[in-house]
Amino acid sequence: VTGALAGSGAGSFDIDNGDTTVRSPSISLPSGSGLELTFSYYFAHLNNATSADYLRLFVLSGSSTTQVFQQLGAGVNRAGAWTGASVDLSSFAGQNIMLRFEAADASGGSLIEAGIDDVRIAPSGGGGPEVVFSDNFESAQGWVTDPNNNDTATSGEWERADPQPTSNSGIALQPADTVSGPN
């Protein structure tokens, strides 16, 4: 989640004035059949957000970086509610990859909160029980915050945590609960 463990004041621990990143450990994808990445996320903001604010997911493979998911801010209130997403990773089969999530208050002064949970890579289309990678963030599995040492956010850096509920003018920005488990 992007926000401090302590305190529940919206605006005190949101992403401020830049971006924050978190990168997964290396994941070895099998060759052959299709692969699907699923995860849950929320991306909340107030009506002072713009399309410059974002939540993005990149796949890193060798020297290649490919954006595979994006949610942009907008000048409307968006409550923090968990939503499911899926990404076809078939084009990366047989490769070692890492996932990198980025969230940003890139327009400056927006109130932005984000979270991810239950990241899972498995054969697509229900093609068997084999799980390639799974993380519900209940234990540390090697995710690295600010992996390139160039994040610019002054608050709201990614952390594995039990999120504190935040709201502003009745709009829930950070949910009180995760999708599974406390973290």
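Shown above is the structure to which this text applies.
Caption draft 1: Structural context of the pattern of salt bridges. Using the criterion set out here, one finds one salt bridge in the structure. Two residues, Arg-100 and Glu-102, come together in a salt bridge whose shortest N-O distance is 2.9 Å. The exposure class assigned to Arg-100 is buried, which follows from its relative accessible area of 12%.

Caption draft 2: Looking closely at unusual backbone geometry. The backbone phi angle of Asp-118 is positive, close to 50 degrees, even though this residue is not glycine. With respect to the helices and strands, the residue Asp-118 is situated in strand 8 (residues 112-123). Look at Asp-118 and you get partly exposed, because its relative accessible area is 22%. A positive phi angle is found at Asn-149, which is not glycine, with a value near 55 degrees. Within the element layout of this structure, Asn-149 appears in the loop between strand 10 (144-145) and strand 11 (166-168). Using a relative accessible area of 67% as the deciding quantity, one classes Asn-149 as exposed.

Caption draft 3: Summary view of the sheet that holds strand 9 (residues 133-135). Taken together, the four strands give an open sheet; going across it, the order is 6-3-8-9, and neighbouring strands pair in antiparallel fashion. A single partner strand is all that each edge strand has here, and the edge strands are strand 6 (83-88) and strand 9. Pairs of neighbouring strands in the sheet enclose a mean axial angle of 30 degrees, with direction left out of account. Sheet topology places strand 3 (residues 35-45) next to strand 8; 10 bridges connect them, and they run antiparallel. By the bridge assignment for strand 8, Leu-35 is matched with Pro-123.

Caption draft 4: Expanded view of the packing of aromatic side chains. This model, assessed by the stated rule, comprises seven aromatic pairs. Both rings, one in Phe-39 and one in Tyr-41, keep their centres 6.0 Å apart while their planes meet at 50 degrees; by these two values the pair is tilted. Each member of the pair, Phe-39 together with Tyr-41, is buried. Taken together, a centroid distance of 6.2 Å and an interplanar angle of 40 degrees make the contact between Phe-101 and Trp-143 tilted. A residue pair is termed long-range when its members are at least 10 positions apart, and Phe-101 in strand 7 (residues 96-105) and Trp-143 in the loop between strand 9 and strand 10 qualify at 42 residues. The same class applies to Phe-101 and to Trp-143, which are both buried. Members of the aromatic cluster, connected to one another through ring pairs, are Phe-39, Tyr-41, Phe-69, Phe-101, Phe-137 and Trp-143.

Caption draft 5: Fine view of the pairing of strand 3. A large share of strand 3 lies buried, amounting to nine of its 11 residues. The pairing of strand 3 with strand 6 spans six bridges and is antiparallel. Bridge pairing links Phe-39 to Ala-85 in strand 6.

Caption draft 6: Representation of the nonpolar core. Within the largest apolar cluster, 32 residues are counted, with the highest numbers of intra-cluster contacts made by Leu-37, Phe-39, Leu-89, Ile-97, Phe-101 and Val-119. Of all elements in the fold, only strand 3, strand 4 (54-61), strand 6, strand 7 and strand 8 reach the threshold of two or more residues within this core. Residues contacting Phe-39, with those up to four places away along its chain left out, are Leu-57, Phe-69, Thr-83, Gly-84, Ala-85, Val-87, Phe-101, Asp-117, Asp-118 and Val-119. Counting residues in hydrophobic clusters, the runner-up holds five residues, among them Leu-46, Leu-111, Ile-171 and Leu-173.

Caption draft 7: Up close: the environment of Gln-67. When you line up the elements, Gln-67 lands in strand 5 (residues 64-72). Under the relative-accessibility criterion, Gln-67 is labelled partly exposed at 37%. Sequence separation of Gln-67 and Gly-32 is 35 residues, and the distance between their C-alpha atoms is 22 Å. Excluding residues within four positions of it along the chain, Gln-67 makes contact with Arg-56, Leu-57 and Phe-58.

The rules behind these values
- Residues numbered from 1 in each chain as written.
- Predicted model: local features only at pLDDT ≥ 70, side-chain atom pairs only at ≥ 80, totals over all residues.
- Heavy atoms only, no water.
- Salt bridge = Lys/Arg side-chain N within 4 Å of Asp/Glu carboxyl O.
- Buried < 20%, exposed > 50% of the residue type's maximum accessible area, 1.4 Å probe, protein only.
- Helix = DSSP H or I, 4+ residues; strand = E, 2+ residues; numbered from the N terminus.
- Pairing = 2+ DSSP bridges.
- Axes fitted to C-alpha atoms, helices over the stretch in contact; angles between N-to-C directions.
- Phe/Tyr/Trp six-rings, centres within 6.5 Å; stacked < 30°, edge-to-face > 60°.
- Core = buried A, V, L, I, M, F, W, Y, C linked by side-chain atoms within 4.5 Å.
- Contact = heavy atoms within 4.5 Å.

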